[in-house]
Amino acid sequence: MSRTAQSLQLWRWLFVPALASIVATLLLAAPFRLFGLGLPEPVFAMVLAFSWAVIRPSILGPLTLMVLGLFDDLFWGGPLGLWSLALIGAYGLALSGRSLMAGQGGVVMGAWYAAACCLASAIAYVFATLTAHAQPSVMAVIWQVAWTIGLYPVVYWLTDRFEDADIRFR
């Protein structure tokens, strides 16, 4: 399904998606209501946590995820380190399953992505519960996980775009 693999330049596979994640987070934070409901709040950096582990494991991915996690913590007013820890957990799961996903179809990768989203949300839920000494809304967490899993087409597109770009893995 891959058309032509993009070259693996640092700014193209790391910085542009990270900036897009920040912009998407800012856009969906707009105080807009439709039928009394606010805009969804998926964790856009989760797409990157999964994709970067599949595309090309390196030290730059987790470092950038930590920065994106801190941005989310500061922007949403959560405890510092919450999303950094959750995103690194998702990255670790995707990295550990990378060899199992190789050569599999989109359904298998989608299942791994859903598992990574659930793991990251569980980590964030426990972290938030321990730091706030109160439980976050379970329904809000479920909705956030559902919207984040709904970003899977972006994961598929990103991994398809760069999967053959690194000649070390051909």
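Residues numbered from 1 in each chain as written. Predicted model: local features only at pLDDT ≥ 70, side-chain atom pairs only at ≥ 80, totals over all residues. Heavy atoms only, no water.

### Here we look at the overall build of the protein
Okay, step 1: Across its full length, the protein holds eight helices and two strands.
Okay, step 2: Each helix and strand of the protein, ordered N terminal to C terminal, gives the series α-β-β-α-α-α-α-α-α-α.
Okay, step 3: For the protein, the residues scored as buried account for 38% of the 170 residues in total.
Okay, step 4: By sequence separation, contacts in the protein at least 24 residues apart represent 72% of the contacts at least 6 residues apart.
Okay, step 5: Accessible area for the protein stands at about 9400 Å²; split by element, carbon and sulfur atoms hold 72% of it. (Helix = DSSP H or I, 4+ residues; strand = E, 2+ residues; numbered from the N terminus. Buried < 20%, exposed > 50% of the residue type's maximum accessible area, 1.4 Å probe, protein only. Contact = heavy atoms within 4.5 Å. Areas by Shrake-Rupley, 256 points an atom, 1.4 Å probe, with all protein chains shown as cover.)

### Focus: helix α4 (residues 82-96)
Okay, step 1: If you check α4, its first and last C-alpha atoms are 21 Å apart, about what 15 residues at 1.5 Å a residue would give, namely 21 Å.
Okay, step 2: Three or more residues of α4 are buried, namely L82, W83, S84, A86, L87, G89, A90, Y91 and A94.
Okay, step 3: Looking at the buried side of α4, the elements it contacts are α2 (45-55), α3 (60-76), α5 (98-101), α6 (106-132) and α7 (138-149). (Expected span 1.5 Å × (residues − 1).)

### Focus on the environment of Q144
Okay, step 1: You can see Q144 is positioned in helix α7.
Okay, step 2: Given a relative accessible area of 23%, Q144 falls into the partly exposed group.
Okay, step 3: Taking C-alpha positions, Q144 is 9.6 Å from C117, a pair spaced 27 residues apart along the chain.
Okay, step 4: With residues near it in sequence (within four places) discarded, Q144 still touches E41, P42, V43 and W83.
Okay, step 5: From its side chain, Q144 meets the backbone oxygen of E41 in a polar contact 3.0 Å long. (Polar contact = N/O pair within 3.5 Å; in protein donor to acceptor, adjacent residues only side chain to side chain.)

### Things to note about the nonpolar core
Okay, step 1: In terms of nonpolar packing, the biggest core is built from 38 residues, with M46, F50, W52 and Y113 touching the most fellow members.
Okay, step 2: Counting only elements with at least two residues in this core, the list comes to α1 (10-28), α2, α3, α4, α6 and α8 (152-162).
Okay, step 3: For this core, the element with the most residues is α2, which contributes 10 residues. (Core = buried A, V, L, I, M, F, W, Y, C linked by side-chain atoms within 4.5 Å.)

### What about a nonpolar patch on the surface?
Okay, step 1: Taken together, the side chains of V138, M139, I142, W143 and W147 make up a nonpolar region of the molecular surface, amounting to roughly 550 Å² of accessible area.
Okay, step 2: Considering the arrangement of structural elements, one finds V138 in helix α7. (Patch = residues over 30% accessible without salt bridge, like charges linked within 9 Å, V, L, I, M, F, W, Y side chains within 5 Å. Salt bridge = Lys/Arg side-chain N within 4 Å of Asp/Glu carboxyl O.)

### Notes on the layout of surface pockets
Okay, step 1: Each pocket or cavity is described by its volume, and for the largest pocket that value is around 810 Å³.
Okay, step 2: Around the largest pocket, the lining comprises 32 residues; the ones closest to its centre are E41, W83, A140, V141 and Q144.
Okay, step 3: Mapped by element, the contributors of at least two residues to the lining of the largest pocket are α1, β2 (37-38), α3, α4, α6 and α7.
Okay, step 4: At five residues, α7 tops the list of elements feeding residues into the lining of the largest pocket.
Okay, step 5: Its residues assigned to classes, the lining of the largest pocket comprises 22 nonpolar, seven polar and three charged. (1 Å grid on protein atoms, 1.4 Å probe; cavity = no way out; pocket = protein on both sides within 12 Å on 5 of 7 lines; lining within 4 Å. Points joined across faces, edges and corners; volume = space filled by probe spheres on them. Nonpolar A, V, L, I, M, F, W, Y, C, P; charged D, E, K, R; others polar.)

### Things to note about the environment of W83
Okay, step 1: Along the chain, W83 falls in helix α4.
Okay, step 2: Once residues lying within four places of it in the same chain are set aside, the contact partners of W83 are V43, M46, G69, D72, D73, A120, A124 and Q144.

### Quick word on the packing of aromatic side chains
Okay, step 1: According to the stated counting rule, one finds five aromatic pairs in the structure shown.
Okay, step 2: Taken together, the aromatic side chains of F50, Y113, Y152 and Y156 make up a single cluster linked through ring pairs. (Phe/Tyr/Trp six-rings, centres within 6.5 Å; stacked < 30°, edge-to-face > 60°.)

### Focus on α2
Okay, step 1: The element α2 is extensively covered by neighbouring structure, given that 11 of its 11 residues are classed as buried.
Okay, step 2: Residues A45, M46, V47, L48, A49, F50, S51, W52, A53, V54 and I55 constitute the buried set of α2.

### Focus: the side chain of D72
Okay, step 1: Tracing the backbone through its elements, the reader meets D72 in helix α3.
Okay, step 2: Exposure remark for D72: the relative accessible area of 7% places this residue in the buried category.
Okay, step 3: With sequence-adjacent residues up to four places away left out, D72 is seen in contact with T25, V43, A45, G77 and W83.

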